[in-house]
Amino acid sequence: MNYVQLRSFDNYIEANIVLNMLQHANINCYLKDEHIITIDPLLSPALGGIKLMVHTEHVERAWDLIDKAEEQYLKSIPCPICKAHALKSVSVTKTYKCKLSALISMLLNGQSVEITKMYQCSACGYDFKELPHGN
Ligand SMILES: [Zn+2]
C-alpha cells in the first residue's frame, strides 16, 4: 500500500480540479470511487465521497499545495461581515494537536485522520464553518 487518502470530496468537479492541480505539480495521485459516485451520486455519503489518494512520498508536498490553493481561493472571497479579503482556514484535527503529528500518523497507519475545517476572518475575527457563497 503506497497510497494514502489525503482527503475526500462530495463533489466530482472539485475533486478533479484538485487532482489536476496535483498532477501538474508531478504528484503521483488518483481518485478512488470516482466512477461509482459519478454514476450514482446517492452512493457518495455511504462510500465516504470521492477519495483523493496520494503516493506516500508526495503526501507532504500535496498537502502544502492544497493549502496554498485554498489560501488563494479564500483571498478571493470577501468576509460576509466586514467585507475584508482576509479569510483563512483553520484546521481542527479531532485526535491530533498539529498537522505534523496527523501527517505522521497517516503515513504510519495508512489512513487519514478526521480534520474539521473552520474559516476565520482575520480582520474582524468572525468564525464560520461553511464558506460564504459570495460572488
Ligand atoms: Zn471580517
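You'll find the structure just up there.
How each quantity is defined
- Residues numbered from 1 in each chain as written.
- Predicted model: local features only at pLDDT ≥ 70, side-chain atom pairs only at ≥ 80, totals over all residues.
- Helix = DSSP H or I, 4+ residues; strand = E, 2+ residues; numbered from the N terminus.
- Contact = placed C-beta atoms within 7 Å.
- Axes fitted to C-alpha atoms, helices over the stretch in contact; angles between N-to-C directions.
- Parallel < 35°, antiparallel > 145°, perpendicular 65-115°, else oblique.
- Left-handed = near helix turned anticlockwise from the far one by under 90°.
- Nonpolar A, V, L, I, M, F, W, Y, C, P; charged D, E, K, R; others polar.
- Pairing = 2+ DSSP bridges.
- Buried ≥ 20, exposed ≤ 12 C-beta atoms within 10 Å, placed from the backbone.
- Core = buried A, V, L, I, M, F, W, Y, C linked by C-beta atoms within 7 Å.
- Expected span 1.5 Å × (residues − 1).
- Arc of directions from axis to C-beta.

*Asks:* Talk me through the overall build of the protein chain; I want residue IDs and the actual numbers.
*Replies:* What the protein chain contains, in helices and strands, is five helices and six strands. Counted over contacts in the protein chain with a minimum sequence separation of 6, partners at least 24 positions apart contribute 64%.

*Asks:* If you had to explain the packing of helix α1 (residues 12-24) against helix α4 (residues 59-75) to someone new, which residues and values would you point to?
*Replies:* Their axes nearest at 10 Å, the elements α1 and α4 cross at an angle of 125°. Comparing the axis directions of α1 and α4 gives the class oblique. As for the relative orientation of α1 and α4, their crossing is right-handed in sense. Counting all contacts with α1, which are made through Val 18, Met 21 and Leu 22, the residues of α4 involved are Ala 62, Leu 65, Ile 66 and Ala 69. In the contact of α1 with α4, the residues fall into seven nonpolar, no polar and no charged.

*Asks:* For the pairing of strand β3 (residues 50-55), give the residues involved together with the corresponding values.
*Replies:* Bridge analysis of strand β1 (residues 3-9) against β3 gives six bridges, and the strand direction is antiparallel. Across the sheet, residue Phe 9 finds its bridge partner in β3, namely Ile 50. The pairing of strand β2 (residues 29-32) with β3 spans four bridges and is classified as antiparallel. Within β3, the position partnered with Lys 32 by the bridge is Lys 51.

*Asks:* So what's going on with the sheet that holds β2? Residues and values would help.
*Replies:* Strand order in the open sheet formed by three strands is β1-β3-β2, and the pairing between neighbours is antiparallel. Edge positions in the open sheet fall to β1 and β2, since each of these has one partner strand only. Sheet twist, expressed as the mean angle between neighbouring strand axes with direction ignored, is 30°. Strands β1, β2 and β3 of the sheet are contacted by α4, whose axis makes an angle of about 20° with β1.

*Asks:* Tell me about the environment of Lys 83, and name the residues and values.
*Replies:* Summarising the element assignment, Lys 83 is placed in the loop between α4 and β4 (87-93). With 12 C-beta atoms packed within 10 Å, Lys 83 lands in the exposed category. Between the C-alpha atoms of Lys 83 and Ala 123, which are 40 residues apart in sequence, the distance is 9.1 Å.

*Asks:* How would you sum up the nonpolar core? Please name residues and give values.
*Replies:* Counting 12 residues, the largest nonpolar core is built from Val 4, Leu 6, Phe 9, Ala 15, Val 18, Leu 19, Leu 22, Ile 50, Leu 52, Val 54, Val 59 and Ala 62. By residue number, the principal contributor to this core is α1, which donates four residues. Those residues in contact with Leu 52 that lie beyond four places of it in its chain are Gln 5, Leu 6, Arg 7, Ser 8, Phe 9, Ala 15, Val 18, Leu 19, Cys 29 and Leu 31.

*Asks:* Lay out unusual backbone geometry in plain terms, naming residues and giving numbers.
*Replies:* A positive phi angle is found at Asp 33, which is not glycine, with a value near 65°. By the element assignment, Asp 33 lies in the loop between β2 and α2 (34-39). The partly exposed category is assigned to Asp 33, around which 17 C-beta atoms lie within 10 Å. In this structure, Lys 83 is a non-glycine residue whose phi angle is positive, near 70°.

*Asks:* Break down α1 for me, citing the residues and quoting the values.
*Replies:* If you check α1, its first and last C-alpha atoms are 18 Å apart, about what 13 residues at 1.5 Å a residue would give, namely 18 Å. All of the buried residues in α1 are Ala 15, Val 18, Leu 19 and Leu 22. Viewed end-on, α1 has its buried residues packed into an arc of 105°, placing them on one side of the element. Facing away from the buried side of α1 by over 90 degrees, the exposed positions are Ile 13, Asn 20 and His 24. With its phi angle positive at about 60°, Asn 26 sits one or two positions after the end of α1.

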